[in-house]
Amino acid sequence: MFPRDFAWGAGTAAYQIEGRVFGEQNGDVACNSYELWEKDLECIQQLGLTHYRLSLSWARLLPDGTTRRVNQKGVQYYNKVIDDLLACNVSPMVTLYHFDLPQALQDQGGWKSPDIATLFDSYAKFCFRTFGDRVKLWITINEPYVCAKLGHEDGIHAPGLKEPGIAAYLVGHNMLRAHAMAWHSYNSIYRTEQKGAVSLAINSDWLEPLHAGCTEDIAATYRHFAFTLGWFAWPVFVTGDYPEIMRSAINAQSKKLGYNGSSRLPSFSKDEPSILGTADFFALNYYTSRKVKPGEGCGKILCMKSDRHTEEVLDPSWPICGVSWLAVVPHGLRKLLKYIKDTFNHPAVYITENGFSQVGPLQIEDAQRSEFYKDTILEVAKAIQEDGVNVRGYFAWSLLDNFEWADGFSVRFGLFHVDFADAKLSRTIYQSGREYAKMISKYKCGQEEKR
Ligand code: GAL
């Protein structure tokens, strides 16, 4: 059912698991993977993963964000993680930026500053140079949508800014510039020798019109896709520029509210490396689905909600599990994979995140989550077999229960339970972890037989 070299993975991110060593400003311990990495490796082996997705902490490696000062202990830590993985026959997929920006760079304007792109490029080159002899799958930036919109328009994620209607577009733009610069650096300096692949992880829900035959709902669904998946995937995979419906909707709204500045959606400069073609595969983070219809805006205030003029609706037949935003819709993944194949020129796809959470009361025997993994992997198999999508790998989110951003430790996505009340932060496999391990072993075994 799955190609011979299919990647069976699980993922984590530095800030969500590593914790900080004593003496640093932030006392968060998270899963203390900085000290308990060997325990994580045991979990990875217990699952039988072929791949492990981790992120590097930019601040741990380069404390002021620049290559002027390198923290050798950080380099040693990641060298050990990478070497240990390879010694166990597990390939690392490494994300350079997963929501944790060095404070020194935030103080200089963070992702809103145009200079961030070259700073990111230097950091990326440092990582390619230092780890690229062993890392063959790279993700530059995780979910630019979330950082741009939730971090700079809604103020829910770091850096917690609420600057609606302007900042998110600027941040998204600088993230695309940063990603493209890093991809070009890899392409021209490192690719020949290192032979790896580089992409950015784009999150997207599967979207459908609320009423299948309704013209307004269909148009709203197109707009919503353009302002989410299309915002980042269209420039990289199709034209080198934003979707036209996104730009025209933003400009029309500016005009309506008498905003006289230049377009709030920036333009790519011809003097900078092109954005088009800067992904060697499609990295998709999929969690949930939505129905879409035309929506209300924010009145006289500029905001993305008014620009896109859409509303997301949950289908009552979709179960909500754990967090309120997460309607569990495994078949939405299959539809989205087909949509990606058709819209973005049939790319190789890695599903770099997928999962669902539980909130208390906790169950180690989490039967519902086990069923979810079974259903989802079946949908992925159908996408490959019946729809001809070139899916190359699947990474469950997450290896471990971890620090779930604004929800702290209350929301658990792990295949392994972490006891945050225990000083040893002990890890215990959930039923869903056992189920995932069983599926991996079954499909890997099938792959062996086909050989
Ligand atoms: C993603 C994010 C992950 C994880 C997940 C579950 O947006 O990349 O870090 O938190 O959501 O909410």
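Located above this text is the structure these notes cover.
Please read all numbers here as calculations on a predicted model, not as lab measurements.

Here is what the cut-offs are and how they apply
Residues numbered from 1 in each chain as written. Predicted model: local features only at pLDDT ≥ 70, side-chain atom pairs only at ≥ 80, totals over all residues. Heavy atoms only, no water. Near = heavy atom within 4 Å. Polar contact = N/O pair within 3.5 Å; in protein donor to acceptor, adjacent residues only side chain to side chain. Areas by Shrake-Rupley, 256 points an atom, 1.4 Å probe, with all protein chains shown as cover. Nonpolar A, V, L, I, M, F, W, Y, C, P; charged D, E, K, R; others polar. Core = buried A, V, L, I, M, F, W, Y, C linked by side-chain atoms within 4.5 Å. Buried < 20%, exposed > 50% of the residue type's maximum accessible area, 1.4 Å probe, protein only. Phe/Tyr/Trp six-rings, centres within 6.5 Å; stacked < 30°, edge-to-face > 60°. Lys NZ or Arg CZ within 6 Å of the ring centre and 35° of its normal. Helix = DSSP H or I, 4+ residues; strand = E, 2+ residues; numbered from the N terminus. Contact = heavy atoms within 4.5 Å. Pairing = 2+ DSSP bridges. Axes fitted to C-alpha atoms, helices over the stretch in contact; angles between N-to-C directions. Salt bridge = Lys/Arg side-chain N within 4 Å of Asp/Glu carboxyl O. Parallel < 35°, antiparallel > 145°, perpendicular 65-115°, else oblique. Left-handed = near helix turned anticlockwise from the far one by under 90°.

A.B. asks: How should I be thinking about the site of the ligand in this particular structure?
C.D. replies: Taken together, Q16, H98, F99, N142, E143, Y287, W325, E353, W397, E404, W405 and F413 are the residues near the ligand. One of the side-chain nitrogen or oxygen atoms of Q16 is found 2.8 Å away from an oxygen atom of the ligand. At 3.0 Å, a side-chain N or O of W405 approaches an oxygen atom of the ligand. Protein burial of the ligand: of its 310 Å² of free accessible surface, 93% is covered by the chains. By residue class, the composition of the shell around the ligand is 6 nonpolar, 3 polar and 3 charged.

A.B. asks: What is the right way to look at the nonpolar core in this model?
C.D. replies: The tendency in soluble globular proteins is for nonpolar side chains to be buried as a group. Membership of the largest hydrophobic core comes to 137 residues, with the highest contact counts inside it found for W111 and F120. Grouped together as the second largest cluster of nonpolar side chains are 10 residues, A7, M93, A201 and F281 included.

A.B. asks: I would appreciate a short explanation of the packing of aromatic side chains in the present structure.
C.D. replies: Here the distance between the centres and the angle between the planes together describe a pair of aromatic rings. Overall, the coordinates contain 44 aromatic pairs when judged by the stated rule. Among the aromatic residues, ring-to-ring pairing joins F2, F6, W8, F356, F372, Y373, Y394, Y436 and Y443 into one connected group. Taking NZ or CZ as reference, R369 lies 5.4 Å from the ring centre of Y430, over its face.

A.B. asks: How should the side chain of R412 be read in this particular structure?
C.D. replies: Tracing the backbone through its elements, the reader meets R412 in the loop between strand 11 (391-397) and strand 12 (416-418). Residue class for R412 comes out buried when judged on its relative accessible area of 11%. Within the structure, the side chain of R412 is placed 2.9 Å from the backbone oxygen of V418, a separation counted as a polar contact. Leave out the neighbours within four places in its chain, and R412 touches F356, S357, Q358, L362, R369, D401, H417, V418, F420 and Y430.

A.B. asks: Quick question: what am I supposed to make of the sheet that holds strand 8 (residues 289-294) here?
C.D. replies: Within a sheet, each strand pairs with its neighbour through backbone hydrogen bonds, oriented either parallel or antiparallel. Spatially, the 3 strands line up as an open sheet ordered 6-8-9, and their pairing is mixed. The open sheet is flanked by strand 6 (206-209) and strand 9 (310-313), the only strands paired with a single partner. Adjacent strand axes in the sheet meet at a mean angle of 40 degrees when their direction is disregarded. Two elements, strand 8 and strand 9, share 4 bridges in a ladder whose sense is antiparallel. When the sheet's bridge partners are listed, P294 is paired in strand 9 with T310. Packed on one face of the sheet, helix 13 (residues 330-343) meets strand 6 and strand 8 and runs near 90 degrees to strand 6.

A.B. asks: Hey, could you run me through helix 10 (residues 229-239) in this one?
C.D. replies: Residues spaced three or four apart along an α-helix point in a common direction, a consequence of the helix completing one turn every 3.6 residues. Counting buried positions along helix 10 yields 8 of 11 residues, so the element is predominantly enclosed. In the stretch just after helix 10, G240 is the one whose phi turns positive, near 85 degrees.

A.B. asks: When you look at the pattern of salt bridges in this model, what are you seeing that I'm missing?
C.D. replies: When the charged atoms of two side chains with opposite charge come close together, those side chains can pair. In total, this model carries 29 salt bridges according to the counting rule given. The closest approach of N and O atoms between K291 and E208, which form a salt bridge, is 3.1 Å. One end of the pair, K291, is in strand 8; the other, E208, is in strand 6, and 83 residues separate them in sequence. Here K291 falls in the buried class, since its relative accessible area comes to 14%. Residues joined by salt bridges that share partners form a network here, namely E208, K291, D315 and K335.

A.B. asks: I would appreciate a short explanation of the packing of helix 13 against helix 14 (residues 367-385) in the present structure.
C.D. replies: In a packed pair of helices, the relevant descriptors are the angle between the two axes and the axis-to-axis distance. The N-to-C vectors of helix 13 and helix 14 enclose an angle of 20 degrees; their axes lie 8 Å apart at closest approach. Relative to helix 14, helix 13 is oriented roughly parallel. Crossing geometry of helix 13 relative to helix 14 is assigned as right-handed. Note on element contacts: helix 14 touches helix 13 through F372, D375, T376, E379, V380, K382 and A383, opposite P330, H331, L333, R334 and L337. Here the contact of helix 13 with helix 14 is composed, by residue class, of 6 nonpolar, 2 polar and 4 charged.

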